[in-house]
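Topology and contacts: notes
Listed below are the residues making up each chain.
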Amino acid sequence: MEPKHEKYQRLIDYCRDLPPLPTAVAHPCDTSSLSGALEAARIGLIAPILVGPRARIEAVAQENSLRLGDVTIVEAAHSHAAAAAAVELVREGKAEALMKGSLHTDELMGAVVKRETGLRTARRVSHCFVMDVPGYPDALVISDAAVNIAPTLEEKMDILQNAIDLAHALQFREVRVAVLSAMETVNPKVPSTVEAAALCKMVDRHQISGALVDGPLALDNAIDPDAAKIKKIDSPVAGRANVLLVPDLEAGNMLAKSLSFLAGADAAGIVLGARVPIILTSRADSMVTRLASCAVATLVAKARRESGKPVR
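Numbers given to residues run from 1 along each chain, matching the order in which its sequence is written. With the structure being a predicted model, the display of local features is reserved for residues of pLDDT at least 70 and the display and counting of side-chain atom pairs for 80 or more, all residues being used for whole-chain, interface and lining totals. Hydrogen atoms and water are omitted, and side-chain values are computed over all heavy atoms in the structure.

- Going by the annotation in an unreviewed UniProt entry, the name recorded for the protein is Phosphate acetyltransferase, with Massilia arenae given as the source organism.
- UniProt, in its Sequence similarities (unreviewed entry) section for the protein, records the words "Belongs to the phosphate acetyltransferase and butyryltransferase family." UniProt positions are given in the numbering used here, feature names are shortened, and annotations may be inferred rather than shown by experiment.

Examining the overall build of the protein
- Helix and strand definitions here come from DSSP, where helices need a minimum of 4 consecutive H or I residues and strands a minimum of 2 consecutive E residues; each element is numbered from the N-terminal end. A count of helices and strands for the protein gives 11 helices and 11 strands.
- Computed over its C-alpha atoms, the radius of gyration of the protein comes to 19 Å, within 12% of the 20 Å expected for a compact globule of 312 residues.
- With the C-alpha coordinates aligned to their principal axes, the bounding extent of the protein is approximately 60 × 45 × 35 Å.
- The buried share of the protein, taken over its 312 residues, is 52%. What the globule rule says is 2.2 Å times the number of residues to the power 0.38, and the radius of gyration is computed from C-alpha atoms. The buried label applies to any residue whose accessible area, calculated with a 1.4 Å probe on protein chains only, is under 20% of its type's maximum; exposed applies above 50%, and partly exposed to all values in between.

As for the pairing of strand S3 (residues 72–75)
- Two strands are counted as paired when DSSP detects at least two bridges linking them. Both strand S2 (residues 46–52) and S3 contribute to a ladder of four bridges, which runs parallel. Residue pairing for S3: Leu-50 is matched across the bridge by Ile-73.
- Look down the strands so they point away from you; if the path from the first strand over the helix to the second goes clockwise, the crossover is right-handed. Chirality of the crossover, the property in question, places the unit of S2, helix H3 (residues 54–63) and S3 among those that are right-handed.

Quick look at the pairing of strand S5 (residues 126–132)
- Of all seven residues that make up S5, seven are buried, and the element is covered over most of its length.
- Neither face of S5 is exposed, since Ser-126, Cys-128, Val-130 and Asp-132 on one face and His-127, Phe-129 and Met-131 on the opposite face are all buried.
- With seven bridges connecting them, S5 and strand S10 (residues 266–272) associate as antiparallel partners. By the bridge assignment, Phe-129 is partnered in S10 with Gly-269.
- In terms of strand pairing, S5 meets strand S6 (residues 140–143) through three bridges, oriented antiparallel. Among the inter-strand pairings, Val-130 is bridged to a residue of S6, identified as Val-141.

Things to note about the domain arrangement of the protein
- As far as domains go, the protein holds domain 1 (1–121) and domain 2 (123–273).
- Residue contacts are counted whenever heavy atoms from the two residues lie within 4.5 Å of one another. Taken together, the contacts link 10 residues of domain 1 with 20 residues of domain 2.
- Buried area adds together the accessible area that both of two parts lose upon being put together, with accessible area traced by a 1.4 Å probe. Both sides together, the interface formed by domain 1 and domain 2 hides about 1100 Å², and carbon and sulfur atoms give 50% of it.
- Each salt bridge in this description consists of a side-chain nitrogen of Lys or Arg and a carboxyl oxygen of Asp or Glu lying within 4 Å of one another. Our count for the contact surface shared by domain 1 and domain 2 stands at one salt bridge.
- Close ionic contact of Lys-7 with Asp-132 constitutes a salt bridge, the shortest N to O distance being 3.3 Å.
- With five residues, helix H1 (residues 6–15) is the largest single contributor of residues to the side of domain 1 that touches domain 2. For each domain, the first and last residues come from an automatic or database assignment.

Focus on the UniProt feature "domain: Phosphate acetyl/butaryl transferase" (unreviewed entry) in the protein
- The UniProt record marks residues 83–296 with the feature "domain: Phosphate acetyl/butaryl transferase" (unreviewed entry), using the residue numbering of this structure.
- Along residues 83–296 the backbone is 39% helical and 18% strand, and the end-to-end C-alpha distance reaches 21 Å.

Observations regarding the sheet that holds S6
- Read from one edge of the open sheet, 11 strands run S3-S2-S1-S4-S11-S10-S5-S6-S9-S7-S8, paired in mixed fashion. Taken across any chain shown, the strands that pair with only one partner, and hence form the sheet edges, are S3 and strand S8 (212–217).
- As paired elements, strand S7 (residues 176–180) and strand S9 (residues 243–245) share three bridges and run parallel to each other. If you follow Val-179 over to S9, its bridge partner there is Leu-245.

Quick word on the side chain of Ser-143
- By the secondary structure assignment, Ser-143 is in strand S6.
- On the basis of relative accessibility, which here comes to 0%, the residue Ser-143 falls in the buried class.
- Dropping the residues within four chain positions of it, Ser-143 is found in contact with Ser-126, His-127, Cys-128, Ile-159, Ala-163, Leu-244, Leu-245 and Val-246.

So, unusual backbone geometry
- Here the bond from Ser-143 into Asp-144 is cis, since omega is -5°, no more than 30 degrees from zero.
- With respect to the helices and strands, Asp-144 occurs in the loop between S6 and helix H6 (153–169).
- You will see that Ser-65, though not glycine, has its phi angle at about 55°, which is positive.
- When its relative accessible area of 67% is taken as the criterion, Ser-65 is described as exposed.
- If you check the backbone angles, His-206 has positive phi at about 65° while not being a glycine.

Quick notes on the pattern of salt bridges
- Going through the model one piece at a time under the given rule, you end up with 16 salt bridges.
- Note that Arg-305 and Glu-96 form a salt bridge whose closest N and O atoms lie 2.7 Å from each other. Here Glu-96 lies in the loop between helix H4 (79–91) and strand S4 (97–100) and Arg-305 lies in helix H11 (residues 287–307), a separation of 209 residues in the sequence.
- Overlapping salt bridges bring together Asp-138, Glu-174, Arg-176 and Arg-240 as one network.

A closer look at the nonpolar core
- Residues Leu-45, Val-141, Leu-166, Leu-170 and Val-177 are the most contacted members of the largest nonpolar core, which totals 63 residues.
- If you tally residues by element for this core, the top one is H11, at 10 residues.
- The residue makeup of this core includes at least three contributed by each of domain 1 (1–121) and domain 2 (123–273).
- In this structure, Leu-170 is in contact with Leu-11, Val-130, Val-141, Val-296 and Leu-299, ignoring residues within four places of it in sequence.
- Of all hydrophobic cores here, the second largest spans 25 residues; its members include Val-51, Leu-89, Ala-274 and Leu-280. By nonpolar core we mean a set of buried residues, namely Ala, Val, Leu, Ile, Met, Phe, Trp, Tyr and Cys, connected to one another through side-chain atoms within 4.5 Å.

In structure tokens form, the structure reads like this:
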């Protein structure tokens, strides 16, 4: 049986040989967020800039015997100010990624999506979980389970392209996307099946690129070859998907948490579609999951630099 975290460990080990990613860490004022950032720095994944109230950060470090060393701290009086200052560090070119500390996700993302001072691009911002599921041969990307509540078809185009681009940054040999619904046939009474079919046609017309995409597919025949065979689904994706596009946030969130709490999976979170990758961690994340999230951001930033394309 595959050791727990084996996929994540390979990812972390690979990224340790890359230059540390300059990362603005917004309001790391509790034990988990500060220790995660410092451990990622210690093993060479990120070069953190801690943004928040200096006295509070130093107190957390002292209480938990964490060594700040020569890590830069940018003073910000409270969490809202920390989010704004972290975003500004990116705009000034001093950071190539953002990392969520002990503030609410809405606070950080509010600063990211501000029209005049944020990090918007032409692409819709969306979230991906990169999941290490015991017993499943590949890392599994699930999108969107944290940002877009009930995305429109137009928004799903960007969510899908963001997920495909992430899979390429993660160096998937072949990106196979299942557009999920409750069934594998198009039913006009179930809007997610119609939208899945439309997304597949957009792939045919090269409006979305970089992957094999099929849908609608139910979860069983998306990831289980026997289920796909029983249903007589002839598809290069069915039974072997490595990216799952969910119909809405509720479905994605329940799927990801079911895998985490019932199947022992880990879920590294990343937000895409902004000028830089955003490391979105949860207080419940293990240390290895936090480190994997940093590694994912490192690969996304590397892929963007190597593409030579400006982020718009």
